[in-house]
Amino acid sequence: MTFFRHDRLLLLIALSMMILPSCERQHPLTVEPGVSLQLAEYRKSVLSDIRYRLHFIIPEQREAAIDGALQLTFNLSGTRLPLQLDFRAPEENLISVKANGQASEYRFKHEHIVIPAEELIPGENEISIEFIAGEDALNRNPEYLYTLFVPDRARTAFPVFDQPDLKSVYELTLTLPEGWEALANGVLLEEQPDGDGRKLRFAESDLIPSYLFSFVAGKFERVTRSVNGRDMTLIHRETDIEKVNRNLDDIFRLHGNALEWLEAYTGIPHPYQKFDFALIPGFQYNGMEHVGAILYRSDSLFLDEDPSQSALLGRASLIAHETAHMWFGNLVTMKWFNDVWTKEVYANFMAAKIVNPEFPEVDHDLNFLVRHYPAAYSVDRTQGANPIRQHLENLNMAGQMYGPIIYQKAPIMMRQLETLLGETLFRTGIPEYLERFSHDNATWPELVAIFDRLIDQDLERWSDVWVHTAGRPHIGVESVSPLKIRQHDPSGKSRIWTQAFEALIFSGDQRCAVNVTSDAPVVEIALPQECSDPDQVLLNSDGMGYGLFEADQELLNQWPNLSDLQTGVLLIDLYENMLEQREIDPLEMVQSLIKLIPEAHNQLILELALDKLGTIQWSFLTDEQRSDMQADIERMLWDGVQDPDHDGSLKRVFFNSYRNAAMSDEALDRLYEIWSGRVQVAGLSLSETDLISLASELSIKMPDRFEHIAATQLDQIENPDRRREFEFIMPALSNDRETRDRFFDSLMGADNRRVESWVRTALGYLHHPLRVDESEQYLRASLEILEELQVTGDIFFPSQWLNLTFKHHWSDSAVETVRAFLEERPDYNEQLRMRILQAADDLFRANQLRK
């Protein structure tokens, strides 16, 4: 008998059905926690035209359950296998499940509702489910809630196909308490009374992935304006009316300008039915790009009086970033979360371009440098460095794809790519990418293929080093006559990060900038005659290159001759060389910074220098060195606060650093008098948030006055959300060690970590540099709970937990705690192992530098 391949396959399937037990016959696709790549690929191959009709009944009491109802319709092209619907909640949350009008004999296993194959039909199917909503991602507060489902947390709230390449339509109805507002992906169609509350029905959403489905509900103020012919609605809970009115115009204007710029750059109109945003107190991130309902952390947009230039740039960049996501990430979405970085790199890269016209007085190359390089280096220098593009087997680890590498290193890579292609060709490829994959999904290789056709160079090979491997090159001067620049791969793999940058040559009284294309282990650079005999070389003087660049501290003698951008490059390079113990020690850095800071007239340089000063003061100086330098640091910072030539913005920058650095009795008494209101500094305004931060710092540095300071500050807080936050962190400020121990122990419970921004603030105080001897006992438990944090926390929280825990520790025993924890777990999750090594890098380096 002769069989064709198809017939043989059918026979094998039939035989396997006869031999295998019933459960195995019906479930050849593994049912496992999370959403595996295998499951996602199968569902993508058989599902289409997915529509969710959802109804949530939200009670006013936070403790009361939220009832939900789902009507899910979809087309199914194959019915041989059972269908797994994701729902990471207790089984008892399922009230009823119907498949195509009949009660389903579903199984609930490993976070999935498994619908039997025989209950499904080819073509259109309908699944109806009544359930109690899971609350892990609903962020419930006494007077409001908001959803945050990225990357795979929609399944914690309701049954869903929770993967980014199954874009769907959502029709939402909310039953809310009287007096509550709501914002969702679709426009509000109607609202009507419903018992003691109201029922709101929203229009069908645009086609979106599950992580972008969102709603906000609660007691909010609503502001609607028309900007450039487009209506926008903002909702907020800020009680400081002056602060609101001071910021509203800029918030709406920045959104409108970003939309206009992106429409012009891409050639594609804003692709969604509406453009609204909500400002949330204590929001976990700075922003989240939900279609039609962007969420922001309230204090990221509502700035205090006299904001610094960095704060203004940060707000504009944030708004531009989230707006850019409407095209990059929302209109075109990654197929799988291993490419989540593609949406983030484009949003960051476009944001940098959008912000430029808003701030014509700013050196935007310098702004790009300080916003990207220090954060990218903070990971790439570590033993746990990760590549931009990583492997991902299951979406339950997708949160670990996020971090400084995708947000800060990837835009640096993209700028190098734009340089390689030229701005015109680079811009040519973007509309093709957006149009080809509009309302669909794409991968990085598909984008590379578009650019590859526009240039003769091998972009795939270039991408292999920049995108698919971790780390940074070491770049230095091989010889000065002739000038040769070397590039070294510290991993020993002989990789070359092909890149272009400038080198600034100092030769006698002459200065010459020369172009460097570093595409080999050693390249020789032709020098102009006037600079043919170099005395010093500042590598990467234009801030375009990436790596550990050799830097000599004597270059600071050239500081008066350097541009602001070149000064920023030099400061970053000196700091990185200090960490690598390359002839620059922390004490020398502090002494140099004390001289440079009073002469720095660019706010970006000033804030960069102050940040490095604070980090070195508390993490890398020995106790004796810090004591010796304390008076000089305080004097220099207080002079900056009092300087009559400084405006309110500059005074605020110096005051915040003074507050953090102060240790002497004179400085602390002065700060106490300012906090109590008995002393005012001319030209310096302090908001409620400023006073809370000052009270918190004083509570630790003046422990005998903790109870008075904390109680007084609590009584003076007018905003209810800020008051609840301060009540939460007060035990972390306590002068009683047992109180702090009990508070830390309480963080082992997930419910006490519910508001992650509060937990982050409290962790910073628990591990304050003055308390590291006492808080070192928390290190082991902080590591042991990491796997749980990865499950219960939002995407950035595990890394933030680790960073705040290790930030100021330096002892041999702290190092041993980390090393022993990892050595005892050779099979520990690799993503989490990398996060530990990244966070502990300053600990390891401080341990060496302080000896």
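It should be noted that the structure appears before, not after, this text.
A short tour of the structure in this document, coming up. In this text the structure is predicted, and so the values were computed from the model without any measurement. (Residues numbered from 1 in each chain as written. Predicted model: local features only at pLDDT ≥ 70, side-chain atom pairs only at ≥ 80, totals over all residues. Heavy atoms only, no water.)

What about the overall build of the protein chain?
(1) Moving on: Along its length, the protein chain carries 30 helices and 29 strands.
(2) Moving on: Computed over C-alpha atoms, the radius of gyration of the protein chain comes to 28 Å, within 12% of the 29 Å expected from 2.2 N^0.38 for 851 residues, which places it in the range of a compact globule.
(3) Moving on: A principal-axis box enclosing the C-alpha atoms of the protein chain has dimensions of 85 × 70 × 60 Å.
(4) Moving on: When each of the 851 residues of the protein chain is scored for burial, the buried share is 60%.
(5) Moving on: Separation of charge centres in the protein chain, based on 80 positive and 135 negative side chains, amounts to 3 Å. (Helix = DSSP H or I, 4+ residues; strand = E, 2+ residues; numbered from the N terminus. Rg over C-alpha atoms; globule rule 2.2 N^0.38 Å. Buried < 20%, exposed > 50% of the residue type's maximum accessible area, 1.4 Å probe, protein only. Lys, Arg positive; Asp, Glu negative; His and termini not counted. Charge placed at Lys NZ, Arg CZ, Asp CG, Glu CD.)

Considering the nonpolar core
(1) Moving on: Phe56 and Phe158 are the most contacted members of the largest nonpolar core, which totals 291 residues.
(2) Moving on: Top contributing element to this core by residue count: helix H7 (residues 340-355), with 10 residues.
(3) Moving on: Excluding residues that lie within four positions of it along the chain, Phe56 makes contacts with Ile66, Asp67, Gly68, Phe131, Ala133, Phe158, Leu172, Thr173, Leu174, Thr175 and Phe215. (Core = buried A, V, L, I, M, F, W, Y, C linked by side-chain atoms within 4.5 Å. Contact = heavy atoms within 4.5 Å.)

A look at the packing of helix H13 (residues 564-579) against helix H15 (residues 603-620)
(1) Moving on: At a minimum axis separation of 10 Å, H13 and H15 run at an interaxial angle of 15 degrees. Considered as vectors, H13 and H15 are oriented roughly parallel to each other. Of the two elements, H13 crosses H15, and the hand of that crossing is left-handed. Contacts between H13 and H15 involve Asp564, Thr567, Gly568, Leu571, Ile572, Tyr575, Met578 and Leu579 from the first element and Ile605, Leu608, Ala609, Lys612, Thr615, Ile616 and Phe620 from the second.
(2) Moving on: Classifying every residue of the contact of H13 with H15 by side-chain character gives 10 nonpolar, three polar and two charged. (Axes fitted to C-alpha atoms, helices over the stretch in contact; angles between N-to-C directions. Parallel < 35°, antiparallel > 145°, perpendicular 65-115°, else oblique. Left-handed = near helix turned anticlockwise from the far one by under 90°. Nonpolar A, V, L, I, M, F, W, Y, C, P; charged D, E, K, R; others polar.)

Describing the pattern of salt bridges
(1) Moving on: If you walk through the whole model with that rule in mind, you get 59 salt bridges.
(2) Moving on: Across the salt bridge formed by Arg381 and Asp842, the nearest N and O atoms sit 3.9 Å from each other. With a gap of 461 residues between them, Arg381 in the loop between helix H8 (364-380) and helix H9 (404-421) and Asp842 in helix H30 (residues 841-849) connect regions that are remote in the sequence.
(3) Moving on: The exposure class of Arg381 is buried, given its relative accessible area of 11%.
(4) Moving on: Between Glu774 and Arg740 there is a salt bridge whose closest N-O contact spans 2.2 Å. You can see Glu774 sitting in helix H24 (residues 772-775) and its partner Arg740 sitting in helix H22 (residues 737-746), a full 34 residues away along the chain.
(5) Moving on: The network of salt bridges with shared partners includes Arg381, Arg472, Glu576, Glu580, Asp841, Asp842 and Arg845. (Salt bridge = Lys/Arg side-chain N within 4 Å of Asp/Glu carboxyl O.)

A short note on the packing of H8 against H15
(1) Moving on: The geometry of H8 relative to H15 is characterised by a closest axis approach of 10 Å and an angle of 25 degrees between their N-to-C directions. As judged from the angle between their axes, H8 and H15 are roughly parallel. For H8 against H15, the interelement crossing comes out left-handed. Across from Leu366, Asn367, Val370 and Pro374 in H8, the residues of H15 making contact are Leu604, Ile605, Leu608 and Lys612.
(2) Moving on: Counted by class, the contact of H8 with H15 contains six nonpolar, one polar and one charged residues.

Examining a negative patch on the surface
(1) Moving on: A cluster of acidic side chains, namely Asp240, Glu242, Glu305 and Glu718, defines a negative patch on the protein surface.
(2) Moving on: Structurally, Glu718 is set in the loop between helix H20 (706-716) and helix H21 (720-733). (Patch = residues over 30% accessible without salt bridge, like charges linked within 9 Å, V, L, I, M, F, W, Y side chains within 5 Å. Areas by Shrake-Rupley, 256 points an atom, 1.4 Å probe, with all protein chains shown as cover.)

Notes on the sheet that holds strand S3 (residues 83-86)
(1) Moving on: Spatial strand order, S3-S7-S6: three strands in an open sheet with antiparallel pairing. Both edges of this open sheet fall to S3 and strand S6 (107-109), since each of them pairs with a single strand only. Geometrically, the sheet is characterised by an average inter-axis angle of 30 degrees between neighbouring strands, direction not taken into account. (Pairing = 2+ DSSP bridges.)

A look at the state of the cysteines
(1) Moving on: Using the criterion set out here, one finds one disulfide in the structure.
(2) Moving on: Through a disulfide, Cys512 is tied to Cys531; the S-S separation comes to 1.9 Å. Disulfide Cys512 to Cys531: torsion about the S-S bond roughly 75 degrees, handedness right-handed. Here Cys531 lies in the loop between strand S27 (522-525) and strand S28 (536-539) and Cys512 lies in strand S26 (residues 510-518), a separation of 19 residues in the sequence.
(3) Moving on: On the accessibility criterion, Cys512 (7% relative accessible area) is buried.
(4) Moving on: By relative accessible area, which is 0% here, Cys531 ends up buried. (Disulfide = S-S within 2.5 Å.)

Notes on the packing of aromatic side chains
(1) Moving on: The full count for this structure, using the stated rule, is 43 aromatic pairs.
(2) Moving on: For the cation-ring pair, Arg472 lies above Tyr377, with the distance from its terminal atom to the ring centre recorded as 4.9 Å.
(3) Moving on: The aromatic ring of Tyr575 is capped on one face by Lys612, whose charged end is 4.1 Å from the ring centroid. (Phe/Tyr/Trp six-rings, centres within 6.5 Å; stacked < 30°, edge-to-face > 60°. Lys NZ or Arg CZ within 6 Å of the ring centre and 35° of its normal.)

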